[in-house]
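# Observations on the model geometry
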There are 2 protein chains.
Amino acid sequence: MEIPVVRKVLAESDALAEQNRARFRSANVFTVNLMSSPGAGKTTLLAQTIQRLGQQGLRCGVIEGDIATTTDSQRLAPLGIPIVQVNTEPFGGDCHVGAHLVSAALEFLDLESLDYLFIENIGNLVCPAEFDLGEHRKVVILSLPEGEDKPLKYPLMFRECHLCLLNKTDLLPYLNLDLATFNQNIAQINRQLPVIPISAQVGTGLDLWINWLLANRD
Amino acid sequence: MEIPVVRKVLAESDALAEQNRARFRSANVFTVNLMSSPGAGKTTLLAQTIQRLGQQGLRCGVIEGDIATTTDSQRLAPLGIPIVQVNTEPFGGDCHVGAHLVSAALEFLDLESLDYLFIENIGNLVCPAEFDLGEHRKVVILSLPEGEDKPLKYPLMFRECHLCLLNKTDLLPYLNLDLATFNQNIAQINRQLPVIPISAQVGTGLDLWINWLLANRD
């Protein structure tokens, strides 16, 4: 009895992801699904990214996924871009952004007026990796204080993503960690995954990230 | 069709949790479910905790929950205590330790020979909060680099737990963060939740944590 029900739900989710994908393509908006553990720096990175793309005349929008609060939307609001906050708490506290939530959020966005759409997923290194939202690219942020073993322990995220950003490199002098081991562990899970070390707070490495966004959109 | 199936699964999980609880009580082993985001310091804390309790003649066992790898078990193995590794990857990559996995792990443990049993949950600040494993206490570790807003954004975890450990206080001089704001945000979600600031790596605050473990077992 159970498996057919689960399949039905996943099939619905995949169908919605396909609809989202078609809408992104038809509006020519490049969509990035940004995923990480809680507190890895997704919102800080987004603020920097939107400013830098804006300086090049590129227009960004954001779908902010959180279980609760509008904190992150409020942080991005001064940038003056279109933002839709999705809170899952009233709907069972979902641990990831689903394709149906993206679809619902799109009702509030004028896709034709955007070049980039960022979906900031819920802070969770496990479940969000399982769901297709119709996005062009999946990006994982791994925060250095989380430790070098995380790619090995949460392998699906690192298999599914197209880019890994290693954030908070400004803390490296204070951590008993080694960047080379991060790279080795990531390569052990996914040899194709490009890695860019960054500090979203300080600005280190962000040019490489912006170049990746520009190159992948072309 | 869907809701009855989900209810059935949850009812089975709760029944297994009750069975686990009965076994912990009958063996007089105090069981702690340790939860956090990936890389918040659960294993480092466990190593310190087991050593300190061991010095007082108290015998510990561990159920290590991970999606993949036996890294954490290997880190604890030199302590010479009973450890059972639970990997969820072969079973669909579950994002939390379920009561059925605890039940299966108990087949490999002699509960009568233990005073404390620690269940190190999978690194995830969302889903593990939803499941009763039959444990005596739920403890959340929040790592300072994750930021002050996490209790507000992941409220269920902070509502369900009996204690919050604020870890990596040794990094405080290098972070643009304020301990008082952490405390305020935790209190906003759960005014009853005690908070102990610690550095598992340096050893700060661990006496208070050990005292909490001793006092709660009595």
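Above this text you will find the structure in question.
Residues numbered from 1 in each chain as written. Chains lettered and ligands numbered in written order. Predicted model: local features only at pLDDT ≥ 70, side-chain atom pairs only at ≥ 80, totals over all residues. Heavy atoms only, no water.

### A closer look at the relation of the copies chain B and chain A
Here two copies of a chain appear, and what relates them is a rotation about an axis with a shift along it. Rule in force here: Only residues with pLDDT of at least 70 in both copies contribute their C-alpha atoms to the least-squares superposition of the copies. Residues count as neighbours in contact if any of their non-hydrogen atoms are within 4.5 Å of one another.
When chain B is brought onto chain A, the operation consists of a screw motion whose angular component is 180° and whose axial shift is 0.0 Å, with 0.0 Å RMSD remaining. Here the two chains are linked by the operation of a two-fold rotation axis. A symmetric contact is evident, with 100% of the interface residues of chain B recurring at the interface of chain A.

### So, the pairing of strand β3 (residues 83–87) of chain B
Residue and element names in this part refer to chain B. The cut-off we apply is this: For every residue, the accessible area obtained with a 1.4 Å probe (protein chains only) is divided by the maximum for its type, and the residue is called buried under 20%, exposed over 50%, and partly exposed between those limits. Secondary structure is summarised from DSSP: a helix means a run of H or I of at least four residues, a strand means a run of E of at least two, and numbering begins at the N terminus for each. Criterion used throughout: strands pair if DSSP finds at least two bridges between them. Handedness rule for crossovers: strands pointing away from the viewer, path from the first strand over the helix to the second running clockwise, crossover right-handed.
Covered by surrounding structure in β3 are Val84 and Val86 only, the residues Ile83, Gln85 and Asn87 on the alternate face being uncovered. Pairing analysis gives five bridges linking strand β2 (residues 60–66) to β3, with the strands arranged parallel. Note on β3: the bridge partner recorded for Val62 is Ile83. In this view, the connection linking β2 to its parallel neighbour β3 by way of helix α3 (residues 71–76) has right-handed handedness.

### Some details on the interface of chain B and chain A
For the record, the criterion: Summed over both partners, the accessible area lost on bringing two parts together, with a 1.4 Å probe, is the buried area. By convention in these notes, a salt bridge is any Lys or Arg side-chain nitrogen within 4 Å of a carboxyl oxygen on Asp or Glu. Polar contacts here mean pairs of N or O atoms no more than 3.5 Å apart (in protein, one a potential hydrogen donor and the other a potential acceptor; neighbouring residues in sequence count only if both atoms are side-chain atoms).
Listed as interface residues are 36 residues of chain B and, on the opposing side, 36 residues of chain A. Taking both partners together, chain B and chain A bury about 2900 Å²; carbon and sulfur atoms supply 61% of that area. Taken together, the connections running from chain B to chain A amount to six salt bridges. A salt bridge links Lys153 of chain A to Asp72 of chain B; the shortest N-O distance between them is 2.6 Å. Counting across the chain B and chain A interface gives eight residue pairs in polar contact (both at pLDDT 80 or more). Secondary structure elements with two or more residues in the side of chain B that touches chain A: α1 (2–27), α3, α5 (150–153) and α6 (155–160) of chain B.

### Describing helix α2 (residues 42–55) of chain A
Note the cut-off: Take the residue count of a helix, subtract one, and multiply by 1.5 Å to get its expected span.
The terminal C-alpha atoms of α2 of chain A, which comprises 14 residues, lie 20 Å apart, in line with the 20 Å expected from a rise of 1.5 Å per residue. Directly after α2 of chain A, the chain includes Gly57 of chain A, whose backbone phi takes a positive value near 80°.

### Section: the nonpolar core
This is how it is decided: In these notes, a set of buried Ala, Val, Leu, Ile, Met, Phe, Trp, Tyr and Cys residues joined through side-chain atoms within 4.5 Å is what counts as a nonpolar core.
Core analysis: the biggest nonpolar cluster contains 84 residues, and Ile63, Leu117 and Phe158 of chain A together with Ile63, Leu117 and Phe158 of chain B have the highest contact counts within it. Setting aside residues no more than four positions away along its own chain, Ile63 of chain B makes contact with Val84, Val86, Val102, Ala105, Leu106, Leu109, Leu117, Phe118, Ile119 and Glu120 of chain B.

### Side note on the pairing of β2 of chain B
Residues and elements named next belong to chain B. When you tally the buried positions in β2, you get seven out of seven residues, the bulk of the element. The side-chain alternation of β2 yields two buried faces, one formed by Cys60, Val62, Glu64 and Asp66 and the other by Gly61, Ile63 and Gly65. Pairing geometry for β2 and strand β4 (residues 116–120), over five bridges, is parallel. Paired with Val62 across the two strands is Phe118, which belongs to β4.

### Here's the deal with unusual backbone geometry
Excluding glycine, most residues fall at negative phi; most peptide bonds, likewise, are trans. Phi angles above zero are rare outside glycine, and Lys168 of chain A is one such case at about 70°. With respect to the secondary-structure elements, Lys168 of chain A resides in the loop between β6 (163–167) and α7 (179–189). A relative accessible area of 14% means that Lys168 of chain A is categorised as buried. Its identity is not glycine, yet Asn28 of chain B carries a phi of approximately 55°, on the positive side. Note on placement: Asn28 of chain B falls in the loop between α1 and β1 (30–36). Judged by its relative accessible area of 54%, Asn28 of chain B falls in the exposed class.

### Things to note about the pattern of salt bridges
If the charged atoms of two oppositely charged side chains come close together, the side chains can form a pair. Under the counting rule described, the total for this entry stands at 24 salt bridges over all chains. A salt bridge links Asp66 of chain B to Lys153 of chain A; the shortest N-O distance between them is 3.5 Å. Residue Asp66 of chain B is located in strand β2, and its partner Lys153 of chain A is located in helix α5 (residues 150–153); the two belong to separate chains. For Lys153 of chain A, a relative accessible area of 5% corresponds to the buried category. Here the salt bridges share partners, and the residues they tie into one network are Asp66 and Asp72 of chain A together with Asp149, Lys150 and Lys153 of chain B.

By themselves, these observations are geometric and do not establish any function.
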